[in-house]
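# Examination of the molecular architecture
Now for the letters of each chain:
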Amino acid sequence: MGHRILLFLFFVSFGFSGWAQLPLNQRVTIAFADEPLEQALYRLLDETRAPLFFSNAILPQKTIRAAFRNKSLREVLAGLLAGTDLEVRQVQEDLVIVRKVPPLIPPPTYTISGYIEDYESGETLVSASLLVANRQQGVSSNDYGFFSASVTEGPVTLVASYLGYSTLSTQLNLRQDTFIRLRLRPDLTLLTEVIITANDSLRSNTRDDLFGFNLSAYDLPRFGGERDLQRSLQLNPGVQTGTDGVGGIFVRGGDAGHNLVLIDGVPVYNINHAAGLLSIFNNSALKSVRLIKGGFPARYGGRLASVIDVRTRDGNRQRLAGEGEIGLLSARATLEGPLDSARGAFLVSGRWSVINAFLEPYVRRYKASRGETGASRFSFYDFHAKLNYDLGPRDRLLFSFYQGGDVFRNFGSRQDSAYLLLNNGGIFQSNYSEQYDENSQWGNRVGALRWNHIVNPQLFANLTVAYSQLDVDLTYENHDTLAVLLPRNTISSHWHLNRYRSGIGEIGLKADLDWIPTEGWTHHFGGALMHHTFRPGALEFRDLSGGESGSPPWVNRQINAASATAYWETEQRLSGGVWMLNYGLHAAAWQVERQMYSSLQPRFAAAWHPAQRWTWRGSLSRMTQFVHLLTSSNLALPTDIWVPSTKEIRPENAWQVTLGGEWANLQGWQFSWEAYYKWMNNLVTYAEGSSFLNDWEQSTTTGSGKARGIDFSLGRMSKANQWQISYSLAWAERRFPLVNLGNPYPFKYDRRHDLKVLAKQNIGNRLSLQATWLFSTGLAFSLPIEAYTVQFPGIPPVVVLDYGGKNQFRLPQYHRLDLGLTWVIPSQNRWEHQLYLGLYNAYNRQNPLYYQLRSTFDLVEGQVRERKALEKVNLLPRLPAINYLLRF
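Each chain carries its own residue numbering, running from 1 in the written order of its sequence. Predicted model: local features are reported for residues with pLDDT of at least 70 only, side-chain atom pairs are reported and counted for 80 or more only, and whole-chain, interface and lining totals are derived from all residues. Computation of side-chain values: all heavy atoms of the structure, hydrogens and water removed.

## A look at the overall build of the protein chain
Within the protein chain one finds five helices and 55 strands. The cut-offs for exposure are 20% and 50% of the maximum accessible area for each residue type, with area from a 1.4 Å probe on protein chains only; residues under the lower value are buried, those over the upper are exposed, and the others partly exposed. By residue count, 50% of the 888 residues in the protein chain fall in the buried class. Any pair of residues with heavy atoms lying within 4.5 Å of one another is described as a contacting pair. Taking contacts inside the protein chain between residues at least 6 apart in sequence as the whole, the part at least 24 apart equals 64%. In this description, accessible areas are obtained by the Shrake-Rupley approach with a 1.4 Å probe, and a residue is regarded as covered only by the protein chains that are shown. Counting only carbon and sulfur atoms, one obtains 58% of the accessible surface of the protein chain, whose full area is about 41300 Å². Each helix is a run of H or I in the DSSP string that is no shorter than four residues. Each strand is a run of E no shorter than two, and both are numbered from the N terminus.

Next comes the structure, spelled out in structure tokens:
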């Protein structure tokens, strides 16, 4: 009985539900003969008894002449209301005639585009932030200061910001596509010693939220009073260097040659002066620097470890300006100004060393103490030039040029005399003299001619003709004479001249386009065709005393290669900026000596902003490298050579995955962390016992490597002070078949712990104090653990050293404190004076550069005994610094 009741209720419910749909579905037969619409509707009600409601006031004047036979009520009403602005809606069980709601027409969208510039100089600002405040949209300027934002019609408020500048807010009533230049005024109270965070306030709206850091070029850390970009980069977690900066930059287990260093988009192959103590970058010519350690955007390719994208200044479009600075290491000067009534600008900047004024007298005294005459001389220089000119509102030409180099000369002579009493009572007398002259010079040339073209407000194009060249030239001349005076006069003389040259160059064409079709989407795409020339080693030797001359058959080989690259990269904002995605593909092809290699390199990165101050991010990227740096010293010496991938040497490649997060608050506190894991294959290095003097292609071995770790950074920035703590926990290893018997071994820069502390305190507007403290695990190196004497028939015994496992020892822990004081001297005119006093290695820590095995000889019981001992070789003690800057 209960089941029947439930079944009955079900059918009753279903019946009522069906009845609710019945009125519009019931069949109707009716005819109208020239009846007003109102009368027709009433007659339809009488015929059907349908629950139809309407207001006479909305009915138009319309005459109905129609006949409907066995049609649904829906069809009849549609016929009666045809051609009117009325429609039938069902409200529960009732039918209501209402006016049609016109479709919502979205307001038109227009594009705001333009440049973000420095108010005083007209210099474009890279990666500046632009917020459309009342639309909650945000974009950033590209590498040329250009921005584009698609915004709906109506009043808009634009807020532009850039670190070191006052925020600019401006309002527009948007009625059409609009081009605008936003000019920000510098705020000197906001300039910091080194900026290691993305330089915008809307972190969720710029690409720097996914990749890397932007560094301000205003006031970089100093070495010997010299502002230096490379030392700024070394303060970032995950970036390693040798003792006192020697050797260059090593990022997350990579080699020095695994860093893609760009000057205005063109690769540069040597960034070191004096083996890495200083970099080639003149601070006066720098606009911005971007460091990427993981999650590489698809637009970059060709290296495994990092990207260092350096952009130089364009020049002052408003007035003639300049500056000069002199210190104990170098002097520099810069001049810039407008061209053709501010349609363009120029900038020239030069730097040259003055250290030789101290070096040469010191070496002369040192050699004199050893009974020699002669000296050592060292100098370096850098020259930057930049021209830019507006061909029109949409077109701009830019030409940039850099040339720099090092020159080293070591020369001298010595004499010695020997007297021996022979067994027959005679006397043996000889005089020995030696003259030597060593000359080394190496340097870069980099040039770029670029055409910027705004195709339309949403599409920006850049075409570049690029040139880069590195040349190394080493010469060693030796002349020694042995004169035997007694018992009879004989003279033996040898005069040798050796010369080593190497180099790498490239020239080609690049195209890069930025397309912003709509809000939340940005596409980057382009490609390049390049021709490469390699001279891995050209060795020439001559015996000027009449002996042999010539070169090994392999050293004069020049290798030509060609490369082609193409990329597509998409940046996407989802859920109002809660999610940011960057994904793309980098394709590359390499052709050398009838050998072709190709590579597809996927890139993906994502950032999630669950809350206003929290960011989580991750990335996956593959990188391929077709050029390789072979080094036998790890000291960034000019004997390091660049070689190409050939039939014998395959391209290097790496996968890297990262996961990290960031937190920041309104008080300036910021905390970030990022974990990474990197797999590297086909790594290239010298086989044990080989050097640049051997046939490089037959002296190399390829292997693999791994690197993993986690980087932390905690800091706070404000107008009054800035401090930052960076820490890295890392592991890095290598494995090569012809090194360490094929067993894995620690990479030289496998530093388990790396801690960096930076502090700056502003005292008023004119005085600031800076301090930097560094601590890290010692570098890995090898030492002999045993010695064996091997006897071969017919020759004296040979001592063989056994080094055991490679890199199983560690240098002592490295730590150093640097102090500095900057005083802006008051002035009553437009001239600005600045004085810097500094102390490098303030507590005179003796950090060894390396250990050498030294032999000493003692006379024990009438016999000469050899004693071997390890001796530390230190580099830099406590060094004072004083610099004076004049700017107008």
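## Describing the sheet that holds strand S12 (residues 178–184)
The strand order across the open sheet formed by three strands is S9-S6-S12, and the pairing between neighbours is mixed. The open sheet has two free edges, formed respectively by strand S9 (146–152) and S12, since each of these has just one partner strand. Taken pair by pair, the neighbouring strands of this sheet meet at an average axis angle of 30°, ignoring direction. Strand pairing requires that DSSP identify at least two bridges connecting the strands. Lines fitted to C-alpha atoms define the axes here, with helix axes fitted over just the stretch in contact, and angles between the N-to-C directions of these axes take values from 0 to 180 degrees.

## Brief notes about the packing of helix H2 (residues 37–48) against helix H3 (residues 73–80)
For any two helices packed against each other, the geometry is given by the interaxial angle and the distance between the axes. Where H2 contacts H3, the two axes come as close as 11 Å, and the packing angle between them is 170°. Put simply, H2 runs roughly antiparallel to H3. Counting all contacts with H2, which are made through Leu37, Leu41 and Leu44, the residues of H3 involved are Leu73, Val76, Leu77 and Leu80. Classifying every residue of the contact of H2 with H3 gives seven nonpolar, no polar and no charged. Orientation categories follow fixed angle ranges, with anything under 35 degrees roughly parallel, anything over 145 roughly antiparallel, 65 to 115 roughly perpendicular, and all other angles oblique. Residues were grouped as follows: Ala, Val, Leu, Ile, Met, Phe, Trp, Tyr, Cys and Pro as nonpolar; Asp, Glu, Lys and Arg as charged; and all remaining residues, including Gly, as polar.

## Some remarks on H3
In an α-helix, one turn spans 3.6 residues; hence positions three or four apart end up facing the same way. The complete set of buried residues in H3 reads Leu73, Val76, Leu77 and Leu80. Projected onto a plane normal to the axis of H3, the buried residues spread over an arc of 95° and lie on a single side. Here the arc refers to the directions that run from the helix axis out to each C-beta atom.

## A few points about the sheet that holds strand S5 (residues 94–99)
Taking strand neighbours across the sheet as the criterion, the three strands line up as S2-S5-S4 in an open arrangement whose pairing is mixed. Strand pairing shows two members of the sheet lacking a second neighbour, strand S2 (52–53) and strand S4 (86–91), which therefore form its edges. Where S4 and S5 come together, six bridges link them in antiparallel fashion. Looking across to S5, one finds that Arg89 is bridged to Val96.

## Some points on the packing of aromatic side chains
Here the distance between the centres and the angle between the planes together describe a pair of aromatic rings. Side-chain rings of Phe, Tyr and Trp, where Trp is taken by its six-membered ring, are said to pair if the distance between their centres is within 6.5 Å; with planes under 30 degrees apart they count as stacked, over 60 as edge-to-face, and otherwise as tilted. Summed over all chains, the structure comprises 25 aromatic pairs. Aromatic side chains Tyr115 and Phe179 sit 6.1 Å apart centroid to centroid with 75° between the ring planes, which places their arrangement in the edge-to-face category. With Tyr115 in strand S6 (residues 109–118) and Phe179 in strand S12, this pair connects stretches of sequence that are 64 residues apart. What makes Tyr115 buried here is its relative accessible area of 4%. Taking the relative accessible area as the measure of exposure, Phe179 reaches 39% and is therefore partly exposed. Aromatic pair Trp773 and Phe775: ring centres 6.1 Å apart, planes at 20°, arrangement stacked. What makes Trp773 partly exposed here is its relative accessible area of 28%. We classify Phe775 as partly exposed; its relative accessible area is 22%. One aromatic cluster is present, formed by Tyr115, Tyr144, Phe146, Phe179 and Phe460 through successive ring pairs. Positioned over the ring face of Tyr144 is Arg311, at 5.6 Å from the centre of the ring. Definition used: whenever NZ (Lys) or CZ (Arg) falls within 6 Å of the ring centre and also within 35 degrees of the ring normal, the charge is taken to sit over that ring. One cation-aromatic arrangement involves Arg734 over Phe747; the distance from NZ or CZ to the ring centre is 4.0 Å.

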